[in-house]
Structure formats: C-alpha cells, structure tokens
Amino acid sequence: MEETEAEQLVEDADRIAAPPNGPVNELLNVDQEDNMQGQMEEFLGPQAQYNEEEEEKKFYRRKRLEVIKNVVAGSFGAMMVYSVYMGLLQMQLTLHYDTTYREVKYSNLGLEDIDRKMLMGINVTPIIGLLYTPVLIRFLGTKWMMFLASGIYALFVSTNYWERYYTLVPSAVAIGVAIVPLWASLGNYITRMAQQYYEYVNYKEEHVQEQKKLPKGACHSYIIVFQSLFFLIFNLSFVFAEFPMRLVLHGYLHESKHVLANVKICGAAITGIIPDFNTTVLVNLPRSMLLIQVESVLMGFAFIAMIIFLLLCGPAYRPTEEIDLRSIGWGNIFQLPFKHLRDYRLRLLCPFFIYSGFEVLFALSGFSLSYGVCILGLKSLWLLIVVYGLSCSVFSLLALSLLRLPRWVCLIGGAVVHGVLLVVLMALTVKPDSPQYLGPLLVIAVLWGLGSALNKTGVSIVVGMLYAEEKERLDFVYTIYHWWQAIAIFIVYLWSHMPMRAKLSVLLATLLLACYCYWVMERRVARKVQHRLPRIPRPRHKVKGYRYLEEDNSDESDESDEEENEGDMTEDDDDDDDDEVVEEMGTRDEEEGAHDARPEEVDSPRARRRGVEGQQHRQEEEEERGE
Amino acid sequence: MASPTPQLWLLMFAVVGVQLVGGYSFHNCIAEPHSNRKSFSCKCRRDEHVSAIVNDLPRSVVNLTIIFNPLRRIPNNSFVHLPNLQNLRLDQNQLSDFDSLAFRNLHQLKYLNLSFNHFSELRASLFEDLHNLTDLSLANNKLKKFPEGIFFGVHNLNTLLLRNNCLINFSEIVKSVSHLKKLKTLDLCSNNLTSLHHSNVSLPQSLSMLFLCRNNLHTLGCKLSFLKFVNLLDLSNNLRLHTKAFQGVDLSSLRSLRLKSTKVKIAKFLNISNINAGSVDFSGTGLKTPSHIMELCKILKTRLKRIKHVRLHYNGIKNLTNVKLSHCPKITGFLDLSFNGLKSIECLHFLYNQAGITKFIVEHNHLSSLPYCKKQKMFPFKSLDELNYRYNRIQSVGAWAFIQTPNIRILKLNINTIALLHPKAFLGLKQLELLRLDNNLLTDLYQETFKENVNLKILHLRNNRISVIFKGTFCNLKNLNTLDLGGNKITHFQQSGLDGLKSLSKLYLDGNNLKQIDSSFYYAFQDTLTVLDLASNQIRFFKEKSISPFAKLRKLTDLKLNGQRNYGLTVLPHTLFRGLHSLNSLYLTHNNIVHLPPDAFDDLTGLRFLTLDNCCAGVTQLEPGIFKNLRNLTTLILENMGLQNFSKEVFGNLTQLRVLQMNRNVMQSIPVDALESLPKLNYLDLRNIPLSCTCQNKFLQNYTVNSPNVQVVYLYNLICQQDKRLKFHNFDTKVCYIDLGKYMFFSTAAAVFLFTLIPLLYVKLYWKIKYSYYVFRSWFSDHWSRLREKEENCKYDAFISYNFSDEEWVMNELLPNLEGNGSFFKLCLHHRDFELGRNIVDNIVSAVYSSRKTICVLSRNFLRSEWCSLEIQLASYRLFDEHRDVLLLVVLEPISERQLSSYHRMRKVMLKKTYLQWPGSDCSNPLQAQELFWNKLRRAMKAGSKLEREEDDENKDFET
C-alpha cells in the first residue's frame, strides 16, 4: 500500500512537473496532437491584442463543437454501415430464398446452405467476443476499432458481388468477430464524448485541469443527450436498409396471393418462421447487372461510412491516455471484462442486456416475418420495418426526458410498452393474406419501435451513467453489455424453429426478470451498497533512452524500438501478476480488514517471481509510444 | 402514299433478316439430316394448329411430312411461306376441315397426301393453286361428295386416290375429273358407289387405271363406250355385281380386269363381253373344281391360242389330280395358283404340255411335301425360270424334287416348315442363282446339298435350325456372293466349313450362337467380303486380349457386332478393329461394354457411320482421343450411353461430323467450345438429356438458339431439369453476369482491404516505416553516389569511438594496423584529435561529420558509457540527416543479445550483421584470424559508405 501510494506521488509529481503551470499549458498540451498550425499561429501572432480569456473560450467552444461533430459523425457512420449491411443482407436472403434464382444462377452450389452457414457465422462467432474485444479495442484505440469494423462490413458487401462458399462464409465470420467490438467501441465512444464535452465545458475546474476523476454525476446530462442523439440517427438505418428492397426488389416480388398460397395460419399459433411459405417469391429474375449496380451503390455507401469514421471521427482519447489504457498489461486487459462481471450493477443489468438483444431481433425477424409477411405478404415487409425504424428513431428523443425524470422511467416505460405488446401478440392469430390488418400491424410496429427506442437508449444511458466517471472502464462495461446482447441474438438465431408462443413467453419472462433485477439494482444503488470494482492497474511505461546496456531487465520485449524519453523515469517493475494478486484495491470493499494485510503478503511473491516469471512475459508486447 | 411502302419493305426485310440470322432449330419439325433443309418431318407433335408446326420452316422446304398430329383444321395461307414445296404429306392427322385458301401459293407442289384424316367435305377452291400437282391422295377419309370444280386448277393431276371414303355419286366424280387430261390412275375402292351411272361427261382419255373394288356396284350403268380407254379395271369385291352388268360395255381396251368376289359368272361373262379373254384375272371367280377349270380352258381355247398369265387366286382349288391344263391355251407367262387349298402339286403333272410357262407360283396353299420326281415319266419344263412355293406347309423335300425343271434360276422355298431336305434335293439345278430356304426348320446342310448349284449367287438360309456348318458344305459355290445364315443356331464351323466361297461379299451370321470370332474361316473370301453381320451372337471377351480377327478383311465396309446376347461384348479389346481401314459403318449397340479403350477406333480411318447406342454398361467415360482418327465420320450415335460430360478433348477431331445423336444421356451441361469444334455439324439431338437451366448452360442456350447451321432437334421442347415448366431455350439468363461480379469482388475487396489496412498501419507503424525509409534512402543514395564516382572530401577516414577502458586495444592493435603497417588511413581519436577548449559535444559532432566513417568499438564498457552512446547516436543521425550510413561496428567482446538494449538491437535488426567481431584469444588461429579482421575492416573503410556484409565462411569462425 505504501509503495503504491509512493508511486502515485511520483507520477503525480511528474505530471505536474512536466508542463509548466496554468491553463495555457493545459491548452498547449491539448493542442499538441491536433493543430500544430494553430499553435504556431498563436505563438507567433501579435501578442498585443492577445486576450487570453477570450482565446481560451473560443478554443474550448471549438473543442465542444468538435465533440458534437464526433458524435454526429460516429452516429452517421454507424447508421450507414448498418443500413448497407442490413439492406444487403435482406435483399440477398430474399433472392437466395427463391428456388428459381438459386437454381438458375448457382445450380448445385447449395446457396441455401451457404446462407445458413453465413447466418451461423454472423450469429455464433460473437459468443467468443468477450475474450478479445477489450484487447482489440485497446490495441487499436476506439476510433480505429470503429474504422476497422466498418472496413469489415464493407468487405462483406464486397463479397456479395461474388457469392461463393469461400467468400461469404469467411466474411460473415469476420462480421461476427467485429460486431461486439464495434458496438462496444461505439458505446464507449459516445459516452467518452460526453465526458470530453463536460471537460471542455468545465475546463476551468481544477479536477479537469489535473485530469482527475470527474465528480459523480457531472456528465450525466451529456450522456443522455449524446446517447439519444446517437440512437436518433442510428435507428434511421432500419429505414435506409429497406431502400434496396423497396426500390429494386419490389417490382420482382410476387403478390401475397402467390407467396402465401399454402400458408394456413399466421401469428401466435405458428411454429417456425412462416411454415409453408412459397419457395418462389420472384416473378422474374432481376438482371444480374442490376444487382451489381445495387451492390455498387451499397459499396459506395460503405466506403463513405469508412471515410466518415476515418476523417470525421476524432480520437476518443488523447494519445497519452491511450498509451495509459493499454499500458496496464495485456493479461489484465484480457481479464478485466470478466472481473467487471462481479459488479452487482452490471450483473443485475444482464437480463436487460439480453432482453435488448431479444427484442430487436424479434422485431426484425419474428414480428416482421411471422406476423407481417405472413399476414400481409412479402411486399409489405419494407413498410413495417420502415415504420418500425422511424418510430425507433423518433422516440429515441423521449430519452431526453431523463434530463428531468429519474433514469428508471426510460427503461421501465419501454418495458411496459413491450410487455403489453407481447401479451397482445400472444393472442393475435390471423389468417394469412389479410390486408385489413395492415393498420393494426403498423400500430404494433410503431409501439414496438417506441419500446425499442426507450429500451436501447435506456440501457445505454444507464450503463453510461453508472460508469460515467471512469473513462478507463468504459470499454469493459460496454463489451459486457454488447456481449450479452450478442448471446441473446445467438439464442434468437437458435430458436427460430420454436413455436411463436414459446418465443413470446421467453421474451416476456426475460422482460419481467429484467425489470425485477433492474429494480433490485436501483434499490441497492440507492442504498449505496458497495459494488466490487476491479482495480485498474497503474500503467507501466517502458524506459528507453541512452542506456544501451540494461543491467538486469531480461524480460524486455523484442519489438520495442528506440525512443527518447526525457523523463528518465525509474524503471517500473510492476508485473501483471502483481495486479492479479493485488486486486480490487481501489474499491471500497466491505472486507477491508482482509485487504489491509495483503500488500505485505504480496511483496514476497513479487520478489520471488520476478526471476522466474519474467521470461514468460517477454512475449507480452509493449507498444511504442505513438509520438 | 409512297412513304408507307418502303417502310413495309423494310419491315419485311427485317422479318426475313430475323428469320435468317435466327437459329436453325424448329419447334415441331425435324429437318432430315442430309437433306440440306429440304426435307422436314413433323411427327407426333402435340400442337393442334398447323401454324405452330410450319411457321418456322424455311422457304427451302421441298418435302414436308406432317403426320400423327392432332390437327383438326388447316387455316388459310398456312403454307404460303413455303413456295418450293413439292411433296406434302398430311396423312394420319385428325383433319376435318380446310379453309378454302389453305394451299395457297403452293405452285410447285407435286405430291399431296391427305389420307387417313376425317374430311367429310372439301371446299371448291382448295386445290386452286396447285398447278403442278400430280399425285393426290384423299384415301381413308369420310368424303361423301366433293364440289364439282374442285380439281379445276390441277391440270397435271396424274394419280387420284379416293379409296376408303363414303362416295356415293359416281357421276359427280366423273364430272369433276373429266377435264384432267393427264389423269392416269383413279382409285375409288371401298366407297359406296352403287353404279357407274354418269351424265354426259366421260372419263379423261388418259385414264388407264380405274379401281372400283369394294363398292356396292350391282350394275355398271354407264355408257357403252365409257370404259373405252381404261387399261386396268378393278371391280373386285363388288359382291352384288352381276354378269349382266357387262352387257354391251366396251371393254376391248382392257388389259386387266379384276372380278374377284363378284357375282359374275366367268363363262357367261366371256361370252357376252367383247373383252380380250387373256386380260381377265380369274381370281376368286368360283373355279373350284377341275371341271370348272376345264370349262374355262375350253372357252379360252375357243378365243385364244395362247395366254400370257393365268392367275387363279382364291378359287378354293383343292387338288389338281384330274386337271389337265393341256386343253387351255398355251401359257407363256406365269401360272399363279396362290391362295388355294392345294395339298400337292404332284411333280407338276397337271402342267403337261404347257412347256412355255416361265414362272410357276403356288403361294399360300397347303402343300406338305415336294416328293421325289425322277421315277415318273418326265415332262421337262425347260423354259420354267422361277418356282415359288412360299407360304406353304412343306415339310420335306425329296431327292430330285426339281428334276423336271432343270433350268430354273430362282427357287423360293422360304416360309415353310421344311425339316427334311434331302441332300440330293437340288441336284441338277445348275442354273440356279437365287435359292431361298429361309424360315424353315432345316437342321443340317450336307456336302452334297449344294453340290451342283455352281451358279448360285444368293443363298438365304436365315431362321433355320442349323447348328453346325460341316466341312465342305459350300465348297462348290464359287459364284455365291450373298450368304445369309442369320437366325440359326450355329455354334461353330467345322474346319474349312466356309471354303470354296471365293466370291462371297456379304455374309450374314447374326442371331447365331457363335462364341468367338475365328478369323481362320474367312480366308477364302477375305479379299471380297464387304458386309459381315455378327449381331446377336454370344461373342464375349472376358479380358483385354490383343486379337484382331478382322485384320485381313481389307474390303469390309459394314460390320455389325451389336447386341451380343446375354451379356454383351463386356470387354472391347483395343485391337479388335485393327486393319479395317475401309470400314464404312460399325454397329456396336447394346453390348454392355465396360470400357471403351481410347485406341479402339484408331484404324477406322474410313468410318462414316458409328453407332454406340446403348453400347456400354452404366455411365460411360469417353476418354480423350477415342475419336481422334475418325476424320471421315459423318454420323455418330451416342444414345443412352450415360455420358456425363461432353468435352472438346473427346470430340475435337470429328471435322466431318454432320449428325450427332446424344439423347438420353446424363450430362447436365455441354461446353459450347466442344460443339463449336465440330465445323460440319448440322443435326444435333439433345432430347432427354437432363440439361440444367443454370448459368453454366448460358452459352449453350445461346448457341442452340442462335447457331445458324446446327439443328437442335425439338430445341423448343427441351425442358429444364429442375422445373418442368421452364423451357431450356428461354430460361432466364439475365442473372448470369458471374464474371463481372467476380472482378468487382476482387477489386472492391482489395480496395477495402487496403483502405482499412493502410490507415491502421500508418497509425500503428509510422515510426518503423519512417526509419526503414531512411535506411533505404541511405542505401539508395549510397549506390547512387558510387555510380557517379563522387569522391567525398573528408578530413579523416574514420572516427574511432571507444571507451577509455578499451584504449589499450585501440592504441596497440587498431592504430598500428590502420595508420601504419602499409595502410594509410587517417584516423580521428578523441584523445588525439579533439580540439581543445571546445565543448565536448561539438567535438564529437565535428569528428563524426568530418570523418567518412565512424567506427564504434563495442564493449560492455562502451555501451555503459554515456558519451559513447552519444557518439553512436550522432553517427546514426547522419543517416537521417544526410541519408548516409557511416557507422561501422567492431565488437570487441561477445555481448549476449539479452544484454543489448532495445536501441542497439533495433540497429542490429536494421543493419543485419554489419559488425565485425574481434577474434578473441579463444579461436583456433588467432594470428590469421586477426589478419583477416584487419583486411575486412580496411575494406569496409575503403568502400565509401557501403555497408559491408561480412558473411564469408572464414568470418564465421570468429563469431561466437
């Protein structure tokens, strides 16, 4: 304990000592990575009219605008990626569903089988997302993770030009790999932007200047606004995803009389997606040139999304922060998401995470196919989903009410809407091809969209608020959230052959459980029950410089390169296993007594292990410091 | 007014043009393979409209056969686009009506067959345009009458067949045909005519044959001279026709009159009619008993001296024992007693005195034997040329049975039950040329049997029970050219069994029980044999043997080996067809051949026709090169062989192939380039092949539909495998731009990949890349300057950077070796050459920059020293600054890699093995090693700024 404190002191001293005092320096510090030009101008400009206060204010206004730009750009990027992805997937699945199309174009290729494998790749791979997501995010950085994921989605679009087993399935698996990291980094990014915005608003505060932890609840309102804004934009992807279907495929689709010729019943009574759905849905086959054109347009948008991520999204962390983030040792980064599951707040939110995965997939597959397509025919599918997407998007703004209301309102509100709808859907059994049900179904779609919007924004906001002050935990938390969601999506993928009522019951049960757990969580938080949070180890930085012959540090990595570090700090011998042993130090644990004794205990193993285990850690790569 | 016309012309050209460039396949017709688009047949189609059948036919059609179709009506102008049509068959359809202009524009039509349809009436102007029609058949319809002017336009009509209709009114018929000046034949058999009553028109003079059989005529009722010009008049089977009807009718020009099954009393008829008695056919006129015949003979004798032919069919004559034809006039032609009940002909006894008879026919009687005839008093029929005993029940033929007819050339004993053929039966028949013994029960042939028939040319022994050909059976048949032994039970030939057949050219051995092909029997006729039929025997090969039994049959043009019974050929020896260079056609169907060796057909260079229909067991793999020498092949039949693929390698050489039948195989797709390699192909049968309607066959569809020279049989009826409702010729190929998609995939995938990776790499590896870039530039500029031989001006050759603890080595070893000892390098040593009073850093900088090289003497102490590190740093900055690498590393003592810090190892990675190791005292030959070390160092210093790679073998010794 003493030692850590001592180190802390040294570090703080460093940090303060390195830049000279005052806001200007903070400004300099911030400015370094962004616009050298501006700095030069400022430096060289006439000093006479230089109004420090004024300039500072201007500067931070610009910074705030930049943050907003980042949020909007990120949202638009994600929206585009998902519009393209879902639109393409829907179009391709519809085409591949048609027997004639399959036979003529691919004869014995077994396209259906490939589609099945593709969906499996997309839905099953995310299960292992928890293992690598934080490592990936911290290795690449949040922004670059989003960029890489958008690249993978673009690659998927590209593989759809040439549908083969060995193109589609690998790209689907790649998408499965990218889903959890993408969403975790998106959530992280938006929340982080809220923190930054707060910092730029309160740049004069001492804790901001000293880059200390933010005060509790300080940036909640920004989180609410930014998350709402994100979902407002993102949910439009459902609308745009229907464009290929509506504009291109619509003319080729059979009327509902044909596609529903053998379907006997729709809605709650059916088993599977749509039993006895006609195997031919296309009146005539679209020219492949047309398909290539559509895919090219989608490809173009995917590229635009990539460019948006690349150029318009600023980095979420400063380079020094990023280095700190990944300097805690890769072993730690790997373990920390699991350790975070010990926090009762996250644990109790898990049912909600799962439910939020369930409901969106149910809206897109269960409801829109087993109710929508079955009752109205394939030609109305786009309408339902567009309405759903619009309502999702618009009602995301309802989350802004949390600025005034308590945070449970959003989640519970969405849950109530969904609960009622689930009961209604459980009772709704209709004959196929009944266009008179268009109205009711649209209403259900709108209401479900309302629930979805409240649910999605609600969960994101709650998670963001719970961890609002901790910028170095955000990726773990969001990883857990989206991993559970991925699990839920996997379950939905598995249950596609179950009876509709069973699915609805599972949904309802999960919803009720989620609400209960959430209530318990809120109660505990209100009672200020301590939660267990794993200690984030202090970053270790490598010292490099003039000294060419290192005395005894034999566990150096091979891949470091030269680096001139003025600091000439004492070598930091913290090993990862130390942190393993000294865990949860930072948290205010109930069993403080037990922990008091531990530092002494750990001292000796540390000394003992240094020689033995040092070798093992040679592989752990140390990144260079990106300056 | 003028403007629309050119447009119309344009339109017509466009239509014709489309027709021309369009493919050469027809919806419902097949062009005969070798007819050059002149003959078409459209059989058994399902279309009910003739337009669907004929609309896509080209103008060149000359012969057109449309039969067995459910056509009901032929609308106007149906054939207007086929002006060259000469022969048109429309029989066996269900036609009941023609529109009046149905045959418009068929000015060239010569032959029109409308029989076996359901017409009950015809329109008057139907045949208006058929100016050249010579043959018209309306037989087997339901015509009751037809309009008067119907044949008005058909001036050239030669033959008119109206058999089997329901015509009643003869006078109408006469009226409508009376103007046909060229009409020769009029067939009105099997109608309902009751009399030949007619108004004042007469038959055309040209009419020579008038068939009125099977009507209900009871009287002729015609004018006396009505039949004046008729040559042949058939009145048979008019059951009610009386003798009286002929009273006064002029029949003088008749050459043949058939009166079978009428009520005509022949004796009375001859009395009352002016007919030439020799031209009456006496068949079926009730001449049952010998007395009737004698009576007839008497009457004939009164009128004629000699009579040419006497035909006595269907008279129920039971025996001729008491008949003496010597009372009759002399018969100079044939005597035909077929279809009677004769049990015996008694050695032609009854023909006594009729020596002039040339041909004697007794078919369809009850003859049971041809006995021994020598002992009786012989009346030789020297002029008798042909004896015909077909369709009797002859069981035995005695010795000398034909002794009284020594000069016959033709003897037909086929279709009897001859089991006992006396070995001497044919003795004396020296003139015999054709002997038919087929379809009997013969079991053995003896050496004697054909001993004297030396002139025999054709011998039919098909369908008997012969099982062995004995030695010498055919030894005297030197002139035999056709020997038909098919359908017997021959299992083997005795040695030299086929000897003596010196001029045999056609040998039929099909349907026997031969088990192998024994080439030794063929030597007698191996130079003359042209046809060899070995079909349906029991020839079977079990394993691949190299036998070539046909090697000497140089003239063989036809070889049939099809359908070997029970198991087929099974194995086809690859040498089986060796030597058959002149073979024209080869039949190998139905043989269960397991494997077709790729060189089996190599010698068949003259082959034109090859059928492998159903030849093989299961799925056949045709190996590449199997048809490589068949350059003359024009017809290839590959039906039902289970072919799975069709490739250019297999079919590439068939340059003359015109007809290719591949129906009932199992390939799903056919590569178009293989078809395009058959330049003469014009008939391609692809029926019943499970062609898949997939993008794979996109080009095939295009080829079959658009190829101007290849007719694909019933192309428009080929269905898709996966969906029977779809047709192959128009399945949707719009989705088949696979290649473009592929290129788009590769390009976009690469673009996305690079676009993702480059920014990431840029961010993550910026410094590494930049450093590599500088190293590269130094290397490059180094080479560049060396190329330009630019000498640099430096104060020193090398700056020696070392730690003071290594000073001893520097002074004792390095300095003497580099500055003295024959080499004249100018070195910069810090203790010697540094300027006094100057900042030490400045000194170092100027030393580094004013020396061509910086030699770092690496030791542990050196690496520990701050100043020395600075010197390395500064030396390496020249890399960035001037893009020159000036650093030379000399390692004094072994330093383990682990001890080197990251920077140094970085250098090491970048400048691999560019350091020199000072040979320590522990190496084998320190003096020599040191010598080498100094040489290397000098070389490195001289070599401009070049990075020396010290990897020589010797040097390895010195590295730890």
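In this text the structure is predicted, and so the values were computed from the model without any measurement.

Trainee: Would you take a moment to explain the packing of aromatic side chains for this structure?
Mentor: How two aromatic rings sit relative to each other is set out by the distance from centre to centre and by the angle between their planes. Applying the stated rule across the entire model yields 67 aromatic pairs over all chains. Ring geometry for Tyr85(A) versus Phe156(A): centroids 5.7 Å apart, planes at 65°, classification edge-to-face. One end of the pair, Tyr85(A), is in helix α4 (residues 52-97); the other, Phe156(A), is in helix α8 (residues 142-159), and 71 residues separate them in sequence. Between the aromatic rings of Phe103(B) and Phe127(B), the centroid separation amounts to 6.2 Å while the plane-to-plane angle is 15°, which identifies the pairing as stacked. Of this pair, Phe103(B) sits in the loop between β6 (97-98) and β7 (111-113) while Phe127(B) sits in the loop between β7 and β8 (135-137), and the two are 24 residues apart along the sequence. Across the pair, exposure class does not vary: Phe103(B) and Phe127(B) are buried alike. Among the aromatic residues, those joined into a ring-pair cluster are Tyr82(A), Tyr85(A), Tyr153(A), Phe156(A), Trp183(A), Phe230(A), Phe231(A) and Phe234(A). When the ring centre of Tyr24(B) is taken as origin, the NZ or CZ atom of Arg37(B), which lies over that ring, is 3.7 Å away. Over the face of the ring belonging to Phe139(A) we find Lys764(B), whose NZ or CZ atom lies 5.1 Å from the ring centre.

Trainee: Got a minute to help me understand a nonpolar patch on the surface in this structure?
Mentor: Together, Phe753(B), Leu757(B), Leu761(B), Leu765(B) and Ile769(B) give the surface a local cluster of nonpolar side chains, amounting to about 410 Å² of exposed area. As for its position among the elements, Leu757(B) is in helix α9 (residues 738-787).

Trainee: What exactly am I supposed to notice about the state of the cysteines here?
Mentor: Two cysteines whose sulfur atoms are joined by a covalent bond form what is called a disulfide. The full count for this structure, using the stated rule, is 6 disulfides over all chains. With its sulfur 1.7 Å from that of its partner, Cys693(B) forms a disulfide with Cys720(B). Where Cys693(B) bonds to Cys720(B) through sulfur, the torsion about that S-S bond is close to -90°, and the disulfide is left-handed. Within this pair, whereas Cys693(B) is found in the loop between β37 (683-685) and α8 (698-706), its partner Cys720(B) is found in the loop between β38 (711-712) and α9, the two being separated by 27 residues in sequence. Both residues of the pair, Cys693(B) and Cys720(B), count as buried. The thiol of Cys517(A) is not disulfide-bonded; the next cysteine sulfur, from Cys350(A), is found 8.9 Å away. Overall, Cys517(A) belongs to the buried group, its relative accessible area being 11%.

Trainee: Whenever I open this one, unusual backbone geometry confuses me. Can you help?
Mentor: Trans is the common state for peptide bonds, and a negative phi is the common state for residues other than glycine. Residue and element names in this part refer to chain B. Positive phi, close to 55°, is recorded for Asn-36, a residue that is not glycine. In this structure, Asn-36 sits in the loop between β1 (30-31) and β2 (39-43). For Asn-36, a relative accessible area of 56% corresponds to the exposed category. One non-glycine residue, His-364, lies in positive phi territory at about 55°. Examined against the element boundaries, His-364 turns out to sit in the loop between β19 (359-361) and β20 (369-370).

Trainee: Just to check I follow, could you spell out the packing of helix α17 (residues 330-340) of chain A against helix α22 (residues 474-494) of chain A for this structure?
Mentor: Each pair of packed helices can be described by the angle between their axes along with the distance between the axes. All names here are of chain A. Two numbers describe how α17 lies on α22: the axes approach to 9 Å, and their chain directions differ by 60°. Judged by the twist between their axes, the crossing of α17 over α22 is right-handed. Contact residues: Ile-333, Leu-336, Pro-337 and His-340 in α17; Phe-476, Val-477 and Ile-480 in α22. Taken together, the residues that form the contact of α17 with α22 break down as 6 nonpolar, 1 polar and no charged.

Trainee: I would appreciate a short explanation of the packing of helix α20 (residues 408-427) of chain A against helix α23 (residues 500-526) of chain A in the present structure.
Mentor: Residue and element names in this part refer to chain A. It is the contact of α20 with α23, at a shortest axis distance of 10 Å, that shows an interaxial angle of 155°. Comparing their axes, α23 and α20 come out roughly antiparallel. Crossing of α20 against α23: the hand is left-handed. Contacts between α20 and α23 pair Trp-408, Leu-411, Ile-412, Ala-415, His-418, Gly-419, Leu-422, Val-423, Leu-425 and Met-426 from the former with Arg-501, Leu-504, Ser-505, Leu-507, Leu-508, Leu-511, Cys-515 and Tyr-518 from the latter. For the contact of α20 with α23, the per-class residue count stands at 14 nonpolar, 3 polar and 1 charged.

Trainee: Teacher, can you tell me more about the confidence of the model for chain B here?
Mentor: The predicted coordinates of low-pLDDT regions are not to be read in fine detail. All names here are of chain B. Overall, the predicted model of chain B reaches an average pLDDT of 84, with 91% of residues at or above 70. Within the model, the stretch residues 1-6 combines pLDDT values under 50 with 0 contacts to residues more than four positions away or in other chains. In the model, residues 8-21 has pLDDT below 50 throughout and makes 4 contacts with residues more than four positions away in sequence or in other chains. Here the prediction assigns the complex a pTM of 0.67, and the interface score ipTM is 0.77.

Trainee: Even after reading the chapter, I still don't get the sheet that holds strand β24 (residues 420-421) of chain B, so can you show me in this structure?
Mentor: Sheets are built from strands paired through backbone hydrogen bonds, the pairs being either parallel or antiparallel. Residue and element names in this part refer to chain B. The parallel open sheet is built from 3 strands, whose spatial order is β20-β22-β24. With one partner strand each, in any of the chains shown, β20 and β24 form the two edges of the open sheet. Where β20 meets strand β22 (residues 396-397), 2 bridges bridge the pair, whose relative direction is parallel. Bridged to Ser-369 within β22 is Ser-396.

Trainee: Would you explain helix α16 (residues 926-942) of chain B in this entry?
Mentor: For an α-helix, the turn length of 3.6 residues means that residues three or four places apart are oriented alike. Its 17 residues place the ends of α16(B) 24 Å apart at the C-alpha level, agreeing with the 24 Å of an ideal helix rising 1.5 Å per residue. Among all positions in α16(B), only Ala929(B), Gln930(B), Leu932(B), Phe933(B), Trp934(B), Lys936(B), Leu937(B), Arg938(B), Ala940(B) and Met941(B) are buried.

Trainee: Looking at this structure, I do not really get the pattern of salt bridges. What am I missing?
Mentor: When the charged atoms of two side chains with opposite charge come close together, those side chains can pair. Going through the model one piece at a time under the given rule, you end up with 35 salt bridges over all chains. Asp91(B) serves as the salt-bridge partner of Arg89(B), at 2.8 Å between the closest nitrogen and oxygen. Judged by its relative accessible area of 31%, Arg89(B) is partly exposed. Classification of Asp91(B) as buried rests on a relative accessible area of 3%. What emerges from the salt-bridge pattern is a single network uniting Arg192(A), Glu199(A), Arg318(A), Glu321(A) and Lys471(A).

How each quantity is defined
Residues numbered from 1 in each chain as written. Chains lettered and ligands numbered in written order. Predicted model: local features only at pLDDT ≥ 70, side-chain atom pairs only at ≥ 80, totals over all residues. Heavy atoms only, no water. Phe/Tyr/Trp six-rings, centres within 6.5 Å; stacked < 30°, edge-to-face > 60°. Helix = DSSP H or I, 4+ residues; strand = E, 2+ residues; numbered from the N terminus. Buried < 20%, exposed > 50% of the residue type's maximum accessible area, 1.4 Å probe, protein only. Lys NZ or Arg CZ within 6 Å of the ring centre and 35° of its normal. Patch = residues over 30% accessible without salt bridge, like charges linked within 9 Å, V, L, I, M, F, W, Y side chains within 5 Å. Areas by Shrake-Rupley, 256 points an atom, 1.4 Å probe, with all protein chains shown as cover. Salt bridge = Lys/Arg side-chain N within 4 Å of Asp/Glu carboxyl O. Disulfide = S-S within 2.5 Å. Axes fitted to C-alpha atoms, helices over the stretch in contact; angles between N-to-C directions. Left-handed = near helix turned anticlockwise from the far one by under 90°. Contact = heavy atoms within 4.5 Å. Nonpolar A, V, L, I, M, F, W, Y, C, P; charged D, E, K, R; others polar. Parallel < 35°, antiparallel > 145°, perpendicular 65-115°, else oblique. pLDDT = per-residue confidence, 0-100. Pairing = 2+ DSSP bridges. Expected span 1.5 Å × (residues − 1).

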